[in-house]
2 protein chains.
Amino acid sequence: MHTRERCIEADLVDPLAPLRQEFELPEGVIYLDGNSLGVLPRAARARSLDVLEKEWGVGLVRSWNTAGWFALPSRLGDKLGRLLGAGDGEVVVTDTTSLNLFKALAAALRIQQVERPGRRIILSERDNFPTDLYMVQGMIDLLQQGYELRLTDDSLSLQEALSDDVAVVLLSHVNYRTGTMYDMAATTAQAHAAGALLIWDLAHSAGAVPVDLQGADADFAVGCTYKYLNGGPGSPAFIWVSPRHQARFWQPLSGWWGHNRPFDMAVDYTPDRGIRRFLCGTQPMLSMSLVECGLDVALKADMAAVRAKSLVLTDLFIELVEARCASHPLTLITPRDHAVRGSHVSFLHPDGYAVMQALIDRGVIGDYREPEVLRFGITPLYVGQTDVWDAVEILRDILDTRAWDRPEYARRSAVT
Amino acid sequence: MHTRERCIEADLVDPLAPLRQEFELPEGVIYLDGNSLGVLPRAARARSLDVLEKEWGVGLVRSWNTAGWFALPSRLGDKLGRLLGAGDGEVVVTDTTSLNLFKALAAALRIQQVERPGRRIILSERDNFPTDLYMVQGMIDLLQQGYELRLTDDSLSLQEALSDDVAVVLLSHVNYRTGTMYDMAATTAQAHAAGALLIWDLAHSAGAVPVDLQGADADFAVGCTYKYLNGGPGSPAFIWVSPRHQARFWQPLSGWWGHNRPFDMAVDYTPDRGIRRFLCGTQPMLSMSLVECGLDVALKADMAAVRAKSLVLTDLFIELVEARCASHPLTLITPRDHAVRGSHVSFLHPDGYAVMQALIDRGVIGDYREPEVLRFGITPLYVGQTDVWDAVEILRDILDTRAWDRPEYARRSAVT
C-alpha cells in the first residue's frame, strides 16, 4: 500500500535525489513535462553569461577558434554519444530533429538506391510524431521519384508491412503519445532482414532510457536535446550515423560547415570524411553552448539507475491513478510491461484538455496531446515519489470536484 | 587632407555616434569584422537572463505560448522586414541561411517546373559565397533531374549567361569578398526578362545597405542576422518570399512549425497559408530571442544615414590606405563607385594571412579570406572616422616594419 510517508522515505534514500539540486525548479510546481521541455540546469546562468560577455562580447569573431565554437557540434556530440552507445566522432549536435531526419532519410534512400534499387516505400507508423511524417512527405514531394509513405496502425503490424519494396523504416524509439518503446535491437534486425534501413527518432529516449545504438547495429538516429537532456528551449538537435554509412553519401543539406575544408572557400563541395558532413550552416552558439550544462548532469547519473527509478516512478504513477481516481473515465494507453515502456505515462480522458488546464493551474504541469491524451513525463533526474504522490492527489481532487469543468479551461483552437 | 583631428571632429558631429553606446565593445579593439560577427548589444545581457530565468526556468513549457516563443519567428520577421522593404507576414527568422536557401531554391525550381518546364540551369557566380553554391550542388545531386549549376566569372557576364534554359538565378547582393553590390531592381528585372526567378542572399546587406525587396519586385531573399544585425554568434537566419510566390509551393523541409495547425498533430502535412510554411522544426529560443536586441538598435537608425556614413567611412578607409601604405603591395578589390559598393573594403596583399594576424594582435580585427584578401567591415552603427584612422595607422606601421613577418603569423592549414 502506497502512502505519502512511504514516498517521502523512498525519496530520502534515492541515490539520484542529489541531482535535483543541479536544476532550478520553480516553487509550487510539480513538473511532469520534461519530455516536452526540460528544466533549467543551475550551471546554465553562468555559462550563458560567459558565452555572452566573454566569448561574444570580448572574444568576438576570434571565438570561432579560441572558444571552440566551430568544434562545438562535435565536442557535444561526443559527450552525448556516451548516453547513446555511440563512439566518438559518430554524433553531431546541430540544426533541428526535423532537419536531421531529412538528412538521414536522404542518405538512407541513396544508399538503398545503390544497394537495392527499385524499393520505393518509406515505412512508418500512423502514430509517429507528425513532424517526422511531414518531413517524409516533403522529401517524397521533392524527389518526384515515386516514393510512397506507408503507415502501419501499430507496432504489431510492422512485420507484415516490411515487404521487399521497403527502402527505409522510420520509427520513434519511444512513442510521443503512448510512451510505448520499441526493442531497438530486435526491430533493427527485423528491418535489416527485410533489406530495409532504419532511422530511429530518439526524441523521447535520449537521456530517458538506455540506448545502445552500436549494440543494436542501428543505421541512423536523430533526436532532440531539449527534452530529457535539459538543453533549453529549442536547443539544437543531434544526428548519429553508423560509421559504416557515414562516408557513403553526400547528404543534400550540404552547407559549408559540412565541407572537408570549409575555410578554403572552394567552389566545389567536398564533404567531411566523418560525421561532420551532416552539418550544414552556422549554428546558434548561445543555445548550443547551454546544451552542455544539461548533458553534464545527465552524464553524472548512471543510466541503469535512471532507468530503474523511471520504472519505479511510472509504476507508482499508474498504480496511484488507478487506485485513487478509479471512479473516473481514465484509460491507460502506456504499456504496463516494463520492456516496452519509455519514461512517460499517458491516460485518455474525454475531457483531457480541460483536465490538463486545471492541473496546470494547480501547479501540476503535464501536457495535453490530441486526442484526449493526458501526458505525464517522468524525469528521474529531478522528480521523486512524493512529487508523483502529490500530483496524483491533485488530479484526484480535480476529478472528484469537477474543477476542470470551467469555461476558462475549455479547448481553444490553435495555439498560435 | 585627412588628419586624425579632423576625424575626431567629424565623429563629434556624427548623428549616428550615440548608437555606439548601445553596444559593448571590448577595450583596445578596433572592430572591423562586423560583417563576419556583429557586436554585443547592451540589452542582450538582461534579455538573455530574462529568457533563461523567467521564460525557461519559471515559465517552462508554458512559455511557448505565454512568452510568445512560438510566434517569435514571425514577430522578429516583421521587425526585420522593415529594414528590407518587406511587409508584415513576409519574413520569418529561422534556421540558417544555407537551409533557407535550400527552401527558396526548391520553391523556385518547382514554380519554374510548372511555368517554364524544361529549364535546367541554376545560375550563380563563381565568386558567390561557397555555402550557397554547396547547397545548390546538394540539391542537384538529390533531385537527379538533370539540373546544372552554371557559374559566371563576374557580374558583367551575367547577361550573356541568362539564356532561356536558366530556371533560377542565385546571387549575393553584396559579395562577401570584394564588397561589390548588385543593383537589385535592375538585376531582378534582367532575370525576369529572361524568364528566370532570382534568389538574393542578403547576408552582407541586411542592416548594412538600403534594401527594398518589394520595390525591386524580388522573388526570394535569405540572409543572416549575426553580421550587421548583431544578433549573436550563429543567431537564426531569415527568409523572405514575395507574397505572389508564398502560397504556390510546399517547400520540402516541411516540419511541423510550417504546418497550418501544428498542434492538431494531423498525419498529413498542410502548409501554413503564409510565410510560416517556410518554418521547419523547433527553433533555438535563447539565440533567437537575442536577435531582437540587435534589430531594435538597427531600427533606431535611419537607413539613409547609415548608408551615407558607410560610404564616407569606406571612402576614408580606401583613401587613407592608398595614401599612407602606398609603398606596399596592396590592391583594392572593392569598387570605388558608390553605386556598386557594399559596406566593407577589401585589399589583396600577397602575405594577407600574416598581415591580418599581425593586425588582430594589435587590436585591429578584420578578417582574412582566401585568396590573399584582407577584409575590413565598416559598420556605421559603432565605427567612427577615428577608428578608421587608427586602424590604417596600425596597418601602415605593421607593413612599414614588416611586423607581420613572424613565424607565429604564418598560415596554418584548417581552422578546425
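Note that the coordinates shown come from a computational prediction; the quantities given were computed from them, not determined experimentally.

Engineer: Please explain the pairing of strand 5 (residues 121-125) of chain A as it appears in this structure.
Structural biologist: The two faces of the sheet receive side chains in turn, since in a regular strand these alternate between them. Residue and element names in this part refer to chain A. The buried fraction of strand 5 is high, at 5 of 5 residues. The two faces of strand 5 match: Ile-121, Leu-123 and Glu-125 on one face and Ile-122 and Ser-124 on the other face are all buried. For strand 5 and strand 6 (residues 148-152), the ladder comprises 5 bridges, and the chain directions are parallel. Counted as the bridge partner of Leu-123 is Arg-150 from strand 6. Taken together, the 3 bridges between strand 5 and strand 7 (residues 166-172) define a ladder with parallel strand orientation. Counterpart to Leu-123 in the pairing with strand 7 is Val-169.

Engineer: Before we go on, may I ask you to explain the packing of aromatic side chains in this structure?
Structural biologist: The relative placement of two aromatic rings is captured by the distance of their centres and the angle of their planes. Considering all chains together, one arrives at 29 aromatic pairs over all chains under this definition. Aromatic pair Trp-256 of chain B and Phe-263 of chain B: ring centres 5.4 Å apart, planes at 65 degrees, arrangement edge-to-face. We classify Phe-263 of chain B as partly exposed; its relative accessible area is 23%. The ring of Tyr-147 of chain A has Arg-120 of chain A lying over it, and the distance from NZ or CZ to the ring centre is 4.6 Å. A cation over an aromatic ring shows up here: Arg-276 of chain B above the ring of Phe-70 of chain B, its NZ or CZ 4.9 Å from the ring centre.

Engineer: How should the environment of Val-297 of chain B be read in this particular structure?
Structural biologist: Residue placement: Val-297 of chain B occurs in helix 10 (residues 285-300). Owing to a relative accessible area of 3%, Val-297 of chain B belongs among the buried residues under this scheme.

Engineer: Looking at this structure, I do not really get the relation of the copies chain B and chain A. What am I missing?
Structural biologist: In this arrangement, two copies of a chain are superimposed by a rotation about an axis accompanied by a shift along the axis. Superposing chain B onto chain A takes a rotation of 180 degrees plus a shift of 0.0 Å along the axis, which leaves an RMSD of 0.0 Å. Taken together, the rotation and translation describe the operation of a two-fold axis. Taken together, the interface assignments show that 100% of the residues at the interface of chain B recur at the interface of chain A, consistent with an identical surface on both copies.

Engineer: What is the right way to look at the UniProt feature "modified residue: N6-(pyridoxal phosphate)lysine" (unreviewed entry) in chain A in this model?
Structural biologist: All names here are of chain A. Per the UniProt annotation, the sites labelled "modified residue: N6-(pyridoxal phosphate)lysine" (unreviewed entry) are Lys-227. Positionally, Lys-227 belongs in the loop between strand 9 (220-223) and strand 10 (238-241). With residues up to four places along the chain from it excluded, the contact list for Lys-227 reads Gly-34, Asn-35, Ser-36, Gly-38, Ala-203 and His-204. A polar contact of 3.1 Å, which involves the side chain of Lys-227, links it to the backbone oxygen of Asn-35.

Engineer: What should I look at first to understand the interface of chain B and chain A in this one?
Structural biologist: Size of an interface: often given as the accessible area lost when the parts come together. Chain B puts 90 residues into the contact, and the matching count from chain A is 90 residues. In total, chain B and chain A occlude about 7,900 Å² of area from one another, counting both sides; carbon and sulfur atoms represent 68% of this. On inspection of chain B and its partner chain A, the count reaches 4 salt bridges. Note that Asp-141 of chain A is salt-bridged to Arg-110 of chain B, the shortest N-O span being 3.3 Å. For the interface between chain B and chain A, the tally reads 31 residue pairs in polar contact (both at pLDDT 80 or more). The biggest single contributor to the side of chain B that touches chain A is helix 6 (residues 130-143) of chain B, with 11 residues.

Engineer: Would you take a moment to explain the packing of helix 2 (residues 43-59) of chain B against helix 10 of chain B for this structure?
Structural biologist: Angle between the axes and distance between the axes are the two parameters that describe a pair of packed helices. Residue and element names in this part refer to chain B. Between helix 2 and helix 10, the shortest axis-to-axis distance is 9 Å and the interhelical angle comes to 145 degrees. In this structure, helix 2 crosses over helix 10, and the sense of that crossing is right-handed. Within the contact between the two elements, helix 2 uses Ala-43, Ala-44, Arg-47, Ser-48, Val-51 and Leu-52 and helix 10 uses Leu-286, Ser-289, Leu-290, Glu-292 and Cys-293. Of the residues that constitute the contact of helix 2 with helix 10, the class distribution is 7 nonpolar, 2 polar and 2 charged.

Engineer: What's the story with a nonpolar patch on the surface in this structure? I'm lost.
Structural biologist: Together, Ile-8, Leu-12 and Val-13 of chain A make up a nonpolar patch on the protein surface, roughly 320 Å² of accessible area in all. Secondary-structure assignment places Ile-8 of chain A in helix 1 (residues 4-12).

Engineer: What is the right way to look at the sheet that holds strand 5 of chain A in this model?
Structural biologist: Two modes of strand pairing occur in sheets, parallel and antiparallel, and in both the strands are linked by backbone hydrogen bonds. Residues and elements named next belong to chain A. The strand order across the open sheet built from 7 strands is 4-10-9-8-7-5-6, with neighbouring strands paired in mixed fashion. Unpaired on one side and paired on the other, strand 4 (91-93) and strand 6 mark the two borders of the sheet. Sheet twist, expressed as the mean angle between neighbouring strand axes with direction ignored, is 20 degrees. Packed onto the sheet, helix 4 (residues 72-84) meets strand 4 and strand 10 and runs at close to 120 degrees relative to strand 4. Each of strand 5, strand 6, strand 7 and strand 8 (197-201) is contacted by helix 6 (residues 130-143), which is oriented at about 155 degrees to strand 6, the strand it contacts most.

Reading guide: rules and limits
- Residues numbered from 1 in each chain as written.
- Chains lettered and ligands numbered in written order.
- Predicted model: local features only at pLDDT ≥ 70, side-chain atom pairs only at ≥ 80, totals over all residues.
- Heavy atoms only, no water.
- Buried < 20%, exposed > 50% of the residue type's maximum accessible area, 1.4 Å probe, protein only.
- Helix = DSSP H or I, 4+ residues; strand = E, 2+ residues; numbered from the N terminus.
- Pairing = 2+ DSSP bridges.
- Phe/Tyr/Trp six-rings, centres within 6.5 Å; stacked < 30°, edge-to-face > 60°.
- Lys NZ or Arg CZ within 6 Å of the ring centre and 35° of its normal.
- Least-squares fit on C-alpha atoms with pLDDT ≥ 70 in both.
- Contact = heavy atoms within 4.5 Å.
- UniProt positions renumbered as here; feature names shortened; annotations may be inferred.
- Polar contact = N/O pair within 3.5 Å; in protein donor to acceptor, adjacent residues only side chain to side chain.
- Buried area = accessible area lost by both parts, 1.4 Å probe.
- Salt bridge = Lys/Arg side-chain N within 4 Å of Asp/Glu carboxyl O.
- Axes fitted to C-alpha atoms, helices over the stretch in contact; angles between N-to-C directions.
- Left-handed = near helix turned anticlockwise from the far one by under 90°.
- Nonpolar A, V, L, I, M, F, W, Y, C, P; charged D, E, K, R; others polar.
- Patch = residues over 30% accessible without salt bridge, like charges linked within 9 Å, V, L, I, M, F, W, Y side chains within 5 Å.
- Areas by Shrake-Rupley, 256 points an atom, 1.4 Å probe, with all protein chains shown as cover.

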